[in-house]
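# Chains, contacts and geometry: an overview
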Amino acid sequence: MSTLPRLCRTSAPAAAGIVHLGPGAFFRAFNAVYTDEALRTRGGPWGIVAVSLQSDRAARTLRPQGCAYTSVALGTDGESTRVIEAISDVLVARDEPDHVLDVMADPQIKIVSLTITEKGYCHDPGTGDLRLEAPEIQTDLANPMRPATAPGLIVEALARRRHAGHLPFTVLSCDNLPDNGATARRIILAFARARDAALADWIEAECRFPSTMVDRITPATTADDIARVGALTGYHDPACVLHEPFRQWVIEDDFVAGRPAWDEAGAQFVTSVHAHEKMKLRCLNGTHSMLAYLGYLAGYETIAETVADPVFAALCDRVWQKEILPTVPHPEGEDLTAYVASLLARYRNPAIRHRTWQIAMDGSQKLPQRLLGTISDRLDQGGDVAGLCLAVAGWMRYVGGTDEKGAPIDVRDPLADALKTAARSGVSAAETVDRLLAIRAVFPPDLAKEPRFSDAVKAAYLRLENCGARNTVAELVAA
């Protein structure tokens, strides 16, 4: 128990104009920081009501300190702190669904933004379509007035606004999904159409779903981090977040009823975010997942420790230059060679303890966007995919639930049981890979049946079994 005084808010909250679903560490290190700076610069009714779908952790930590918290930038030259006061309230949808819906239906709310991770969209990562048969979606459709999912909450709030004659809000996805705005739109419309065709038609005509690209490495906050922030600041803040200094937010400028002055805080507004999003999703998120699985298997706890090993740094360079960059359209204003060089420098920042285990979570949801799309495009080009196939094989070894020393792995994934069963039921490396490739929620059938892909994954999986992750990586980069 800390003996330090608790952090307290010093200014009155701005009137709420944004509801944000998913008030985790990334939101507090990113969206809320941009909004705080926009409010300081321009003001306006753009305070944030943060809504957690299930957990009350954010409410428990933020409410006692007036929803203020500390943002800590971890640079190679030291740490810098600032207090963020953009959040006006924190609600828990599980405990107070009527109140949450009342707030979202209020016409003063102009934007509903999302950082709910891939699994929060209740979609099939392989197709991007809503899983209408999912139990949580069926429950929300049967009880539309008490939704528990993000699609259910958004559609019910929009239904109430339509009934009252109000404008809809803008739905702003800030998750690492390809075409995240289009994905959110497809999910919301599918859910709405399953409820009421006329409501779906209204949402389709009136609502806006701009796509975004978000980028800031944000490790999970630990008890030691909280204690260190207390020593730096002189107060206790269990809601503090730690992150790298770098940040980038690219947003399609398509809003129903205005937005904060995020551009004055450094956000880039564009007509289409597609090229920037693909650049980040493939270059950063793709190699992050690659390093997470292979680095974890090699015994490394963090990304910085992983790339401090020269063979893993060389793996990143190889995969960027030979496999990823040939599939990335050139974003306006970006130098792709400089971009990937800056990524390696960010990965090497020893102050950022981004755990390989944390990044490895929910891999069944992440692989289709981060790795498989790149592999498909590169195969279409007739190009090299050896490194990316090794990354897929690393994921397959990881979800088996046992590391290279025989210790159990705490696999956190919506499909964890099915993945573990498939990974452990094969009598050979080839059969294990085939069983995992048969999981349609992860692997598109056309890719799974492509011999250039499946054979490469089988070969990589066998090498990982026989030689271990580090030796297999060293062999690949030396070839």
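First, a word on scope: everything that follows refers to the structure included in this document. Model, not experiment: these values are computed from the prediction. (Residues numbered from 1 in each chain as written. Predicted model: local features only at pLDDT ≥ 70, side-chain atom pairs only at ≥ 80, totals over all residues. Heavy atoms only, no water.)

### Focus on the pairing of strand E6 (residues 111-114)
Inclusion rule: Partly exposed residues are those whose accessible area sits between 20% and 50% of the maximum for their type, while under 20% is buried and over 50% is exposed, using a 1.4 Å probe and protein chains only. Where helices and strands are cited, they refer to DSSP runs of H or I of at least four residues and of E of at least two residues respectively, numbered from the N terminus. Pairing between strands is defined by DSSP: at least two bridges between them are needed.
Every second residue of E6 is oriented toward a common face, with Ile111 and Ser113 on one face and Val112 and Leu114 on the other, all of them buried. Here strand E1 (residues 16-21) pairs with E6 via four bridges, running parallel. Residue pairing for E6: valine 19 is matched across the bridge by valine 112. As paired strands, E6 and strand E7 (residues 170-173) are joined by four bridges and run parallel to one another. By the bridge assignment for E7, leucine 114 is matched with serine 173.

### Remarks on the pattern of salt bridges
Just so we agree on the cut-off: What counts as a salt bridge is simple: a side-chain nitrogen of Lys or Arg found within 4 Å of a carboxyl oxygen of Asp or Glu.
Applying the stated rule across the entire model yields 37 salt bridges. The partner of aspartate 410 in a salt bridge is arginine 412, with the nearest N and O atoms 2.9 Å apart. Ionic pairing is found between arginine 463 and glutamate 475, a salt bridge with its closest N-O pair at 2.3 Å. A residue pair is termed long-range when its members are at least 10 positions apart, and arginine 463 in helix H20 (residues 451-467) and glutamate 475 in helix H21 (residues 469-478) qualify at 12 residues. By sharing partners, the salt bridges in this structure join Asp36, Glu37, Arg40, Arg82 and Arg247 into a single network.

### What about the sheet that holds E1?
Note the threshold: Each axis is a line fitted through C-alpha atoms, and for a helix only the stretch in contact is used; angles between axes span 0 to 180 degrees, taken between their N-to-C directions.
Sheet architecture is open: five strands sit in the order E5-E2-E1-E6-E7, paired in parallel fashion. Taken across any chain shown, the strands that pair with only one partner, and hence form the sheet edges, are strand E5 (87-92) and E7. Ignoring strand direction, the axes of neighbouring strands in this sheet form an average angle of 20 degrees.

### Focus on the side chain of aspartate 140
Operational definition: When charges are counted, Lys and Arg are positive and Asp and Glu negative, with His and the chain ends excluded. Polar contact criterion, stated in full: a pair of N or O atoms within 3.5 Å, where within protein one must be able to donate a hydrogen and the other to accept it, and residues adjacent in sequence count only if both atoms are side-chain atoms.
Position of aspartate 140 relative to the elements: it lies in helix H5 (residues 135-142). Of the buried charged residues, aspartate 140 lacks a salt bridge, with arginine 195 as the closest side chain of opposite charge at 8.7 Å. Within polar-contact distance, the side chain of aspartate 140 engages the backbone nitrogen of alanine 148 at 2.9 Å.

### Quick notes on the environment of glutamate 404
Applied cut-off: Residue contacts are defined here by distance: any two heavy atoms, one from each residue, within 4.5 Å place the two residues in contact.
Summarising the element assignment, glutamate 404 is placed in the loop between helix H16 (386-399) and helix H17 (416-425). Accessibility expressed as a relative area gives 35% for glutamate 404, which makes it partly exposed. In sequence terms glutamate 404 and glutamate 465 are 61 residues apart; their C-alpha atoms lie 8.2 Å from each other. Setting aside residues up to four positions removed in sequence, glutamate 404 forms contacts with Leu297, Arg397, Gly468 and Ala469. Side-chain polar atoms of glutamate 404 contact the backbone nitrogen of alanine 469, separated by 2.6 Å.

### Let's talk about the pairing of strand E8 (residues 212-215)
Neither face of E8 is exposed, since Thr212 and Val214 on one face and Met213 and Asp215 on the opposite face are all buried. By the bridge criterion, four bridges tie E8 to strand E10 (residues 248-252) in an arrangement that is antiparallel. Of the residues in E10, the one forming a bridge with threonine 212 is isoleucine 251.

### So, the nonpolar core
Applied cut-off: Buried Ala, Val, Leu, Ile, Met, Phe, Trp, Tyr and Cys residues that are joined via side-chain atoms within 4.5 Å together make up what is termed a nonpolar core.
Ranked by size, the top nonpolar core spans 82 residues in total, and within it Cys283, Tyr347, Met396, Phe443 and Phe453 carry the most contacts. Setting aside anything within four residues of it in sequence, one finds methionine 396 in contact with Ala423, Val433, Leu436, Leu437, Phe443, Val457 and Tyr461. Grouped together as the second largest cluster of nonpolar side chains are 43 residues, Val155, Ile188, Leu199 and Ile203 included.

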